[in-house]
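Structural overview for review
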Amino acid sequence: MSPAGLSFVAALVGLGLAAVAGFALPGAARPAVVGALSAVSGCAALVAGVGALAGQAWSVSLPGVLPLSGLVFAIDPLGGMFVAVTGGVVAAAAVYGVGYTGHGLSGRLPQSVFPVFAAAMLLVPAAATVGALLVCWELMAVASLLLVVTEHRERPEVASAGRWYAVMTHLGFAAILAGLMLFAAAAPGDSFAALRAAAPGMTPGSRTVVFVLVLAGFASKAGIVPLHAWLPRAHPEAPSHVSALMSAAMVNLGIYGIIRVGFDLLGGGARGWWIAVLAVGAVSALYGILQAAVATDLKRLLAHSTTENMGLVLVGVGAAGIFATSGERVLAGLALVAALLHTVNHAAFKTLLFLAAGSVLRATGSRDLDALGGLRARMPATTLLFGVGALAASALPPGTAFVSEWLLLQALVHGLPASGAVTAIAMPLSVAVVALTAGLAVVTFVKAFGTGFLARPRSEAAARAAESPRGMVAGMVLAAGACGVLALAPTVVVSALGRATAIGRLAADPISGNAVTVRLGGVAGALSPLMLAVALLAGVIVVLGALRLLASRRARREARLWDCGAGPPTPRMEYTATSFAEPVQRVFDNVLRPEQDVEVTHADESRYLVAAIEYRRAVPDRVERRLYVPVLTALRAWGRAARGLADGSVHRYLGYGFGAVTVLLIVLAVTR
Amino acid sequence: MNVVTPVAQVLVVAGGSPLLVGVMRQVRARLEGRAGPGVGQPWRDLRKLLRKEPITPRGTSEVFRLAPLVLAATTLVAAAASPFLATTSALDPIADLFAVVAVLTLGAVVLALAGLDTGTAFGGMGASREMTITALVEPTLLMATFALSVRVGSTNLGAITTATLHDPGRVLSPVSLLAVVALAVAVIAETGRLPVDNPSTHLELTMVHEAMILEYAGPDLALVEWASAMRLTVFLGLLATLFAPFGIAVTASPSALALAAAAFALKVTVLGVALAVAEVFLAKLRLFRVPELLAGSFLLGLLAVAASFFLA
Amino acid sequence: MWRLWRKIRKTGRVAEPAPARPAGPLTSVAARLGGSVQIRHVDAGSCNGCEVEIGSAFGPVHDAERYGARLVASPRHADALLVTGAVTRNMVEPLRRTYDAVPGPKLVVAVGDCARDCGVFKGAYGVVGSVGDVLPVEVSVPGCPPTPEAITAALRGITGR
C-alpha cells in the first residue's frame, strides 16, 4: 500500500476511534480526546491528499460490504485535492473544537457525530463506484444534519433550519441518485471505470439528462442559486466549527461531483452544459455577495459569501468546460486550476472566518453585527485573525483569494478570442460579474470587520467580551497559517493542482513558475504575490523612514474624539452594519427589493407632535420568495386536500388498494 | 535587475504629486477669478503638517494609526510598479493591471477601516460611501483593462505599453477611445474628484473622502494628503501611460529616463489641468446618481471589449 | 457650459492686487507654520456680521487663500481658530474642546469687537466674556464688523506672505 493510502486509512481509523471515544468517554475528557484524535486524523488525511496529488494512486476494493457491487475506493489527484482540503479543515476545526464546548457541545451526540461527518467527507472524493459515492454522500448528509440540529433545544430557528436542510439535501440526493442510476444503467457495472467507458456510447440526450440531474444535486450541496435556500439557514445555526466544516469542506464536494461527473465520467459533453454552469455560477456569485453585503448576522453573511465563492468556482469550471469543448486545452486547464485554487483558498479563509465568528459568538452571545463592535480591545487575537480572513476573502493583495481571482480573470480575459461569438459574449460578462463580485466582497468584509470589531461596542455584551481559550485560538491560527501560505506562495499549490486537472480533454500543468512567480503556460501572464507582499512591506518601511526623517519628534497626544464640541458621541451615533450597507442596498434596490416600513406615532395632544418613529427593514431572499413559497404553498394545499382521502376507515383503504392493483394490471396489460 | 526605474518613478511621483495638486488648485483659482496661493502651496502645507503634533483620538486603535502608513505604501508600490518612465523594470512581475488596481483598492479599504475605527458618525459615513463607490468602480476598471489587454494578449502594463509604442495608430482605434472614456470616469471616481466627490468641501453631509479623515492631524494627516495626491498622480499617470505612452524609455539609461520623466510630468500635468478645468463646469452629483454615471462608463467599457472582438 | 465659459472669459481676474505685506515680525507660533495656515472658524455667539466679512475675505475679490490661509472642515486639520462673537455660556465648553482638538503649534484669532471685548453685549446675562477670557488670543481684529481687508491683513500677519 502506498504511503498516501496508508495515511488515508490511518485517518479513517483515527476518526473511527474518535467517534467511539466521543460516545464512550465521560463528558469532561470527551472534547479533548475527540479533538486530538480528529486533528491528527485530519493531518493524516491532508498528507494522504497531498500524496495523491503528488501522484501516488491508491485504491481498495471491499466486495462484500454492499450487496450487488461492493465498495471501491480510490484516490486520484483530483480526489486527493479534495481529501487534502477536507483534512486541513478538519484539523483546524477539531483543534478549535477542544475549547469550543458551550451550549451542550460536549454532549455525546455532537462529539461522536463530528468524526463521522469528517470521515464521510473524506470518503466521498475517494469513492470509485456509484454505490460507494451514494452511501458516503448520504452518510455525510445525515451526520451534518445531526450536527446542525445540536442546539435545537435552545433556539427554535435551529429546528426550522434543520427541516429545510433535511428536505433540500434529500431532494438533492434524489437528483444525484436518479442521474447516476440512469448513467449506470447504460454501463456494465457501477464502477467509475465502467461509467467512463460507457459514456461515449450513450446518446447525447441521455448524457444531458444525466448531467442536468447530477448538476442539480451537486449544485444544491454547493449552495448554488436557486438551490441555495438551505445554506444561509443551516450553516449559521450549526455550531461554529461545524459551520466551518460545512462551509469550507462540504460545499466543495458539490464542486467535486460536478467536475468528476462532467469532465471525468461523461468526458466533457456539450458546450451548452458548461454555458449553463457558467451562468448559474455567475448568478450565484452576484446574488450571494449581494445578500452578504446587506446581511447583518455575521454567520449568515459568511454563509452567503460561501454561495458567492462557490459561484466563482463554478464560473471557472464552466469556463473550463467551454474551452475544453472547443478544443482550447491550455485555457481549459488554466480555468480549472483557477477554480480549484479558489476552492482551496475559500476553504482556508472560510474556516478561519467561521471559527473567528464562533469565537465572537462565544464571547458575546450575539451574531448581530449591529450589536457588536469594539472587540479589538477585548479580543485582540480573534480580531487580528478575523482581519486576516477578511483580507483574504475580499480578494485584495496580499490576501489569499486575490491570486485565484487573478488566475480566473486571466483565463477569462485570454478566452475572449478563443472560440467565436459565444465566448465573445460570455467572457466579458463573466469578467464583469467577477469584478462586481470582488468589489462587493470588499464592501462586505470591510463592513464585517469594521463594524464588528473596530469602533466602540454597541451593546453591553460586546463591551464585556473576553478572549477565547487557547485551543480555539490555536485552531484559528492553523487556518490563518494556511491562508498565509496560500497567499504568499501559491506556486506550491498551483503546480500540484495542475496535475489534478489532467482529466478528460484538459491540459495538465497549464501553469509553471518558480517559488516566487506564477507564470501561465501558453498565454502571457505572470504574477508574483510574494513580491507584491514584500513590495508593500518595503513601502511601509520607506514611508516610516521618511516620516522619521521629515516629521517632528513630538510626542503623541491623546485627545477626545472630535464631537463638534458637543457631548461625547455615544455608540448609538456610530454607523452600524445596516447603515454601512444602506447605500449598496439602495443602489441594488431593484434586485434586492428590501421591505421597509416606517411607522409614526403621534402624540396625544396634536397630530403635529411626534411621539415615536419606528423603522423596520428586512431584505428577504427574493429567489426564495418567488420559487419556494409557491411550491410550498401548493404542497400544503395538496396535503390538506389529501387529508379528505384518509378518513380512517379500513374498508376505504382496502378499496384504494384494490383500485391501485386493478389500475396497475390494466396498465401492464396494455403496455405488454 | 533594473531597480533604477522603480526608484526614479517613486521619486518623481512622490515629489511631483503635491505640485500637481498645486497646479490644479491654481488653475481652478484662476478660472474663478482668484489669484491662487501658488503651485508650491501643497508642499508648504505638507511641510507644516509634518512639523505638527500627532494626535491619537481616544478610543481608536492601531488600525487608525497604521492606516496612513499602509495607504502611502500602496500608492508607492503602484507608482513603482507601473511603467511610467520605462517599460523594463525589476518589478515587472507585479506590474499587472489587475494587481495595480487591487493594490490601490487596498489603500482605499485601509482608509475606510480607519474611518470606521474612530466610531464617529462621519467616519462611518465616509467609509460607507467610499466603499460603495469603490465596489461600483471595480467592474468599469476591469472592463477597460480587459479591452486594452485583448489586443496585446496580456494584462501586464509593460506589455500593453510596449505594444502601443510599437504601433501608435492603435491609440485612435474605437476600442481605445471607448476604453479611455470608461477609464477616465473610473479614475475620477477612484480619486474622489468632481462630480463624484468634492475634494474641497466643508460640508460634512456631502463628504466622502474628507469625512473619513476628519480625525487625522499632524504627520498622519500629512501622509494621508500626500498619499491622496500620489493616488491622483498614479491614476492620471496610468491613463497617460496606457493611452499615450510616448516618451517612455525603452532602455534604462539616465538620459532616456530624464526625458521620460519630463514627458511623464508634461502628460500628467496636461491631464490634471484638463480635469481641473472640467471641474469648474461641474457640480457634485447626488450620491445616488453616481451609480448611474458609473453604469454608463461600465457600458462603454463593455462596448470597448465587444469592439475589440467584433472589429478586430 | 458655453455661457459659463464666456462669463469666465469676460470677467477675467477679479482678485484685487495684493496690498503691501503688513510690516512687523511674525510671532513664534506663526513662524513655525511656514506660510501655510489652515483655519477652523468657530462662532462663539456672533450676530453673523463677522461671518459675512470672513466669507468675503475668502471670496474671489480679497482672496485670502492666495496668502496661504485656507478654511478647513475639522479642527484636527487646523492651525488657527478664527473665533467670532462674544463667548456665550453654551459655547464656552465647545470652544475649549475645539481648541483642545487642534494639534499644536496653534493659535487663536479673535475677529470683531465682540470677540475682543464683548462689544455691545458686555455684561449680558448669557455672555461669559471675550474670547481672551477663555483662550489665549494671539491676534485680534477690531471692527464691528471688521472689514475683509482687516481680516485678510491679520491672516497675512500669521502666514507671513
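Residues numbered from 1 in each chain as written. Chains lettered and ligands numbered in written order. Predicted model: local features only at pLDDT ≥ 70, side-chain atom pairs only at ≥ 80, totals over all residues.

Section: the overall build of chain B
So the rule is basically this: Labels follow the DSSP assignment, with helices taken as runs of H or I lasting at least four residues and strands as runs of E lasting at least two, numbered in each case from the N terminus.
The helix and strand inventory of chain B stands at eleven helices and one strand. Put simply, chain B runs from its N terminus to its C terminus through helices and strands in the order α-α-β-α-α-α-α-α-α-α-α-α. Dimensions of chain B along its principal axes, counting C-alpha atoms only, are 55 × 45 × 45 Å.

A short note on the UniProt feature "domain: NADH:ubiquinone oxidoreductase-like 20kDa subunit" (unreviewed entry) in chain C
Test applied: UniProt positions are given in the numbering used here, feature names are shortened, and annotations may be inferred rather than shown by experiment.
Feature annotation in UniProt places "domain: NADH:ubiquinone oxidoreductase-like 20kDa subunit" (unreviewed entry) on residues 47-156 of chain C, given in this structure's numbering. Secondary structure content for residues 47-156 of chain C is 36% helix and 19% strand, while the C-alpha to C-alpha distance between its ends is 25 Å.

Description of the nonpolar core
Considering soluble globular proteins, one finds that nonpolar side chains tend to be buried as a cluster. Defined as follows: The term nonpolar core refers to a set of buried Ala, Val, Leu, Ile, Met, Phe, Trp, Tyr and Cys residues connected through C-beta atoms within 7 Å. Exposed residues have 12 or fewer other C-beta atoms within 10 Å of their own C-beta, buried residues have 20 or more, and partly exposed residues fall in between, where C-beta atoms are placed from the backbone. Whether two residues are in contact depends on their C-beta atoms, placed from the backbone: they are in contact if these lie within 7 Å.
By size, the foremost hydrophobic cluster in this structure holds 418 residues, and its most contacted members are L245 and L352 of chain A together with V83 of chain C. Considering each element in turn, this core owes the most residues, 24 residues, to helix α13 (residues 329-364) of chain A. Residues in contact with V83 of chain C, not counting those within four places in the same chain, are V42, A44, L95, V108, V109, A110, V111, A115 and V131 of chain C.

Description of the interface of chain C and chain B
By convention, interface size is frequently given as the accessible area that disappears when the constituent parts associate. The test is simple: Think of it as three bins: nonpolar holds Ala, Val, Leu, Ile, Met, Phe, Trp, Tyr, Cys and Pro, charged holds Asp, Glu, Lys and Arg, and polar takes everything else, Gly as well.
On the chain B side, the residues contacting the 25 residues of chain C number 26 residues. Elements with a minimum of two residues in the side of chain C that touches chain B: α1 (2-11) and α2 (28-33) of chain C. With three residues, the top contributor of residues to the side of chain C that touches chain B is α1 of chain C. Residues belonging to the side of chain C that touches chain B are distributed by class as follows: ten nonpolar, nine polar and six charged.

A word on the pairing of strand β1 (residues 37-43) of chain C
To be explicit about the condition: Seen with its strands pointing away from the viewer, a crossover is right-handed when the path leading from the first strand over the helix to the second is clockwise.
Counting buried positions over the seven residues of β1 of chain C gives six, a clear majority of the element. Handedness of the β1 of chain C-helix α3 (residues 49-57) of chain C-strand β2 (residues 69-71) of chain C crossover: right-handed.

Quick notes on the environment of T444 of chain A
Along the polypeptide, T444 of chain A turns up in helix α17 (residues 420-452). Placed 310 residues apart in sequence, T444 of chain A and L134 of chain A show a C-alpha to C-alpha distance of 36 Å.

Examining the interface of chain B and chain A
The cut-off we apply is this: Two strands qualify as a pair provided DSSP detects at least 2 bridges between them.
Each partner contributes to the interface: chain B provides 72 residues, whereas chain A provides 67 residues. With 18 residues, the top contributor of residues to the side of chain B that touches chain A is helix α5 (residues 121-150) of chain B. Across the side of chain B that touches chain A, the residue classes break down as 46 nonpolar, 17 polar and nine charged. With three bridges connecting them, strand β6 (residues 557-559) of chain A and strand β1 (residues 55-57) of chain B associate as parallel partners. Opposite E558 of chain A, over in β1 of chain B, you have T56 of chain B as the bridge partner.

Re the packing of helix α10 (residues 240-265) of chain A against α13 of chain A
Residues and elements named next belong to chain A. Heads up, the condition is: Every axis in this analysis is a line fitted to C-alpha atoms, fitted for helices over the stretch in contact. Angles between the N-to-C directions lie between 0 and 180 degrees. By the definition adopted for this analysis, an angle is roughly parallel if under 35 degrees, roughly antiparallel if over 145, roughly perpendicular if from 65 to 115, and oblique otherwise. Crossing handedness is read from the near helix: turned anticlockwise from the far helix by less than a right angle, it gives a left-handed crossing, and turned clockwise, a right-handed one.
Two numbers describe how α10 lies on α13: the axes approach to 7 Å, and their chain directions differ by 160°. With respect to their mutual orientation, α10 and α13 come out roughly antiparallel. Every pair of crossing elements has a handedness; the one defined by α10 and α13 is right-handed. Contacts between α10 and α13 pair S240, H241, S243, A244, S247, A248, A249, N252 and I255 from the former with T343, H346, A347, K350, T351, F354, L355, A357, G358 and L361 from the latter.

Digging into α1 of chain C
An α-helical turn contains 3.6 residues, so any two residues separated by three or four positions project in the same direction. Little of α1 of chain C sits inside the fold, with zero of its ten residues counted as buried. One or two steps after α1 of chain C, the chain reaches G12 of chain C, where phi turns positive at roughly 65°.

Structural notes on the sheet that holds β2 of chain C
Residue and element names in this part refer to chain C. Taken in spatial order, the five strands of this open sheet run β2-β1-β3-β5-β7, and their pairing is parallel. The sheet is open, and its two borders are formed by β2 and β7 (139-141), each paired with just one other strand. Recorded for the sheet is a direction-independent mean angle of 30° between the axes of neighbouring strands. As paired elements, strand β3 (residues 80-84) and strand β5 (residues 107-111) share five bridges and run parallel to each other. Its bridge partner lying in β5, L82 is registered against V109. Where helix α7 (residues 148-159) meets the sheet, its contacts fall on β1, β2, β3, β5 and β7, and the angle it forms with β7 comes to roughly 165°.

Considerations on the packing of helix α3 (residues 77-99) of chain A against helix α20 (residues 490-500) of chain A
Residues and elements named next belong to chain A. With their axes 7 Å apart at the nearest point, α3 and α20 run at an angle of 135° to one another. As summarised for this structure, α3 and α20 are arranged oblique, according to the angle between their axes. Viewed along their axes, α3 and α20 form a crossing whose handedness is left-handed. Together, P77, L78 and M81 of α3 and L497, R499 and A500 of α20 make up the contact between the two elements.

Re the UniProt feature "transmembrane region" (unreviewed entry) in chain B
Residue and element names in this part refer to chain B. The UniProt record marks residues 6-24, 66-85, 97-119, 131-151, 171-189, 232-250, 256-281 and 293-311 with the feature "transmembrane region" (unreviewed entry), using the residue numbering of this structure. Within residues 97-119, the helical portion is 96% and the strand portion 0%, while the C-alpha atoms at the span's ends are 34 Å from each other. For residues 293-311, helix accounts for 95% and strand for 0%, while the C-alpha atoms at its two ends are 26 Å apart.

Considering unusual backbone geometry
Residues and elements named next belong to chain A. The peptide bond linking P397 to P398 adopts the cis configuration, its omega dihedral lying at 0°. Within the secondary structure layout, P398 lies in the loop between α15 (380-393) and α16 (400-414). Even without a glycine there, the phi angle at A455 is positive, about 60°. If you trace the backbone, A455 turns up in the loop between α17 and α18 (460-463). Judged by local crowding, A455 falls into the buried class, with 30 C-beta atoms found within 10 Å. Its identity is not glycine, yet R593 carries a phi of approximately 45°, on the positive side. Along the chain, R593 falls in the loop between α23 (589-592) and β7 (595-602). C-beta crowding within 10 Å serves as the criterion here: with 11 such atoms nearby, R593 is assigned to the exposed category.

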